[in-house]
Amino acid sequence: MSITPLMPVYPRCGFRPVRGEGAWLISEDGSRALDFAAGIAVNLLGHGHPHLTKAIQDQAATLIHVSNLYGSPQGEAFAQRLVDTTFADTVFFTNSGAEAVECAIKTARAYHQSQGSDRFEIITFKNAFHGRTMATISASNQEKMHKGFMPLLEGFKYVDFDDLEGAKAAIGPKTAAFLVEPIQGEGGVRPASDAFMQGLRALADEHGIMLILDEVQCGVARSGTLYAYEQYGIIPDIMATAKGLGGGFPVGACLATEEAARGMVVGTHGSTYGGNPFAMAACQAVWDVVANEEFLTHVRSTGEKLRSTLEQFIGNYPDLFTGVRGKGLMLGVMMTHETRAFVAHLRDNHGLLLVAAGDNTFRVLPPLNIGDAEIQICMEKLSAGAASYQMPQAA
Ligand SMILES: *Cc1c(COP(=O)(O)O)cnc(C)c1O
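Residues numbered from 1 in each chain as written. Predicted model: local features only at pLDDT ≥ 70, side-chain atom pairs only at ≥ 80, totals over all residues. Heavy atoms only, no water.

> Hey, could you run me through the nonpolar core in this one?
Burial of nonpolar side chains together is a common tendency in soluble globular proteins. By size, the foremost hydrophobic cluster in this structure holds 100 residues, and its most contacted members are Phe125, Phe178, Trp287, Val290, Phe321, Phe362 and Leu382. Per element, the largest residue contribution to this core is ten residues, and it comes from helix H10 (residues 277–290). Here this core spans two domains, since at least three of its residues come from each of domain 1 (17–49 + 293–388) and domain 2 (63–290). Once you skip the residues sitting within four places of it in the chain, Trp287 turns out to touch Phe78, Arg81, Leu82, Thr85, Val220, Leu226, Tyr227 and Leu245. Counting residues in hydrophobic clusters, the runner-up holds 23 residues, among them Ile212, Ile238, Ala240 and Ala242. (Core = buried A, V, L, I, M, F, W, Y, C linked by side-chain atoms within 4.5 Å. Buried < 20%, exposed > 50% of the residue type's maximum accessible area, 1.4 Å probe, protein only. Helix = DSSP H or I, 4+ residues; strand = E, 2+ residues; numbered from the N terminus. Domains from an automatic or database assignment. Contact = heavy atoms within 4.5 Å.)

> Can you walk me through the pairing of strand S11 (residues 238–241) in this structure?
Taken residue by residue, a regular strand's side chains alternate between the two faces of the sheet. Burial along S11 is two-sided: the residues Ile238 and Ala240 and Met239 and Thr241 are all buried. Relative to strand S12 (residues 252–256), S11 runs antiparallel, the two being bridged by four bridges. When the bridges of S12 are listed, Ala240 appears paired with Cys254. (Pairing = 2+ DSSP bridges.)

> Explanation requested: the packing of helix H12 (residues 340–350) against helix H13 (residues 372–388) in the structure shown.
A pair of packed helices is characterised by two quantities: the angle between their axes and the separation of those axes. One way to put it is that H12 packs onto H13 with a least axis distance of 10 Å and a crossing angle of 115°. By the criterion of interaxial angle, the relationship of H12 to H13 is roughly perpendicular. By crossing handedness, the relation of H12 to H13 is classed as right-handed. Of the residues in H13, those in contact with Phe342, His345, Leu346 and His350 of H12 are Lys381, Leu382, Ala384, Gly385, Ala386 and Ser388. Classifying every residue of the contact of H12 with H13 by side-chain character gives five nonpolar, four polar and one charged. (Axes fitted to C-alpha atoms, helices over the stretch in contact; angles between N-to-C directions. Parallel < 35°, antiparallel > 145°, perpendicular 65-115°, else oblique. Left-handed = near helix turned anticlockwise from the far one by under 90°. Nonpolar A, V, L, I, M, F, W, Y, C, P; charged D, E, K, R; others polar.)

> Sorry, what's going on with the pattern of salt bridges here?
Side chains carrying opposite charge are able to pair once their charged atoms draw close together. Tallied over the full model, the rule gives 18 salt bridges. A salt bridge links Glu121 to Lys157, with the nearest nitrogen and oxygen atoms 3.6 Å apart. Of the two residues, Glu121 is situated in strand S5 (residues 121–125) and Lys157 in strand S6 (residues 156–159); the sequence distance between them amounts to 36 residues. Take Lys157: its relative accessible area is 34%, and that puts it in the partly exposed class. Among the charged side chains, a salt-bridge network with shared partners connects Arg19, Glu21 and Arg32. (Salt bridge = Lys/Arg side-chain N within 4 Å of Asp/Glu carboxyl O.)

> Could you clarify how one ought to interpret the packing of aromatic side chains in this entry?
Pairs of aromatic rings are described using the distance from one ring centre to the other and the angle between the two planes. Evaluation of the coordinates by the stated rule reveals 15 aromatic pairs. Pairing Tyr227 with Trp287 gives two aromatic rings, centres 6.5 Å apart and planes at 35°, and the pair type is tilted. With Tyr227 in the loop between strand S10 (210–214) and helix H9 (229–232) and Trp287 in helix H10, this residue pair connects regions lying 60 residues apart in the sequence. Residue Trp287 is classed as buried on the basis of its relative accessible area of 1%. Geometrically, the ring pair formed by Phe321 and Phe362 is edge-to-face, given 6.5 Å between the ring centres and 75° between the ring planes. Of this pair, Phe321 sits in strand S13 (residues 321–327) while Phe362 sits in strand S17 (residues 361–364), and the two are 41 residues apart along the sequence. The pair formed by Phe321 and Phe362 is uniform in burial state, with each residue classed as buried. Three or more aromatic residues joined by ring pairs make a cluster, and in this case those are Phe78, Phe87, Phe93, Tyr227, Tyr229 and Trp287. (Phe/Tyr/Trp six-rings, centres within 6.5 Å; stacked < 30°, edge-to-face > 60°.)

> Whenever I open this one, unusual backbone geometry confuses me. Can you help?
The phi torsion of most residues other than glycine is negative, and most of the peptide bonds are trans. At the junction of Met150 and Pro151, the peptide bond is cis and its omega measures out at 0° in the coordinates. Mapped onto the elements of the fold, Pro151 is located in the loop between helix H6 (143–146) and S6. Here the phi dihedral of Ile40 falls at roughly 60°; this positive angle occurs in a residue that is not glycine. In this structure, Ile40 sits in helix H1 (residues 38–41). The exposure class of Ile40 is partly exposed, given its relative accessible area of 34%. Even without being a glycine, Ala41 presents a positive backbone phi close to 65°. Within the element layout of this structure, Ala41 appears in helix H1. Residue classification places Ala41 among the buried residues on the basis of a relative accessible area of 3%.

Read these as geometric descriptors, not functional statements.
Take a look at the structure:
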């Protein structure tokens, strides 16, 4: 096999988008697909949104990048906006989700170690996805991400997701933090129970350990609230956000309370690009659109509509589908078997883009500003796809 110019780490399909219009992607060969994957929960305003496009264009002509050696009016302004709309007192900007989780891990360790404690261990949950850096793959028990990259970073303990007793039993003298996705994304769109999230908060308080939430996928209005933690009636100490944050512009953030961030002092962390004026302009434009009750209400009602329509539809195919789960417009459809073949069939033969996930589930992650028309087209494509689908023969 000869080497390709792109390092061949992705199992890329034959669909090759070159243009986007709202909830649609147009491929090199002119074919159109309804994009209910949204760049894996990234393009929350769809493609070519006028407000986001203009903000990026204007900022590109004004100032794209300056070093974090200088004062940042742009960073301060957007960080203040995050502080005003979340639990956080302070923010570190990154370029990706994995870096936001990395910063969260460092912040939790530094919280303890800056005051002379040697706590370092992070309790994480099985089938989690936290990114592809060494620390974030070490934070997941998924062996497919570890293979070939040993040894892992030490200091992670894996417990079953949504198992509060297991989490409690895993706490030891070296425990620094819990790290959890309130709604597992890659693991199969599995929302944690209220009791689990509230129980983790209580355990963290009782044992003096940090509660880190990974809201890289479920955050930024995706779940029907600005962040999913709001629906659990808890607040974290530290939280990672990214994906939708820049509406497609690569940017992430690690948010923390003043107390939790006390180890993150001058010289402890950094990023060359993190929070540059270009990224901040994209974030501001996204926040202009999503951070208000009217938009969040739209996400919730559209999510409910899509969910009930999906539930009705899957009832016609009990041999294929077993249920729908998720929150807001982060939905998962559970199948009776592995979902990749069905997702590929919808994409290749019916022009509908979805995302496969773990636990025999595929993800439905449309742009958040879709309306009834897009839901209807999605359902037409799904119905046609289910009717023409040949279930893979069991081996
Ligand atoms: C995608 C994702 C990440 C990693 O984000 P990258 O931008 O790919 O580094 C981390 N955590 C969760 C929950 C994610 O869905």
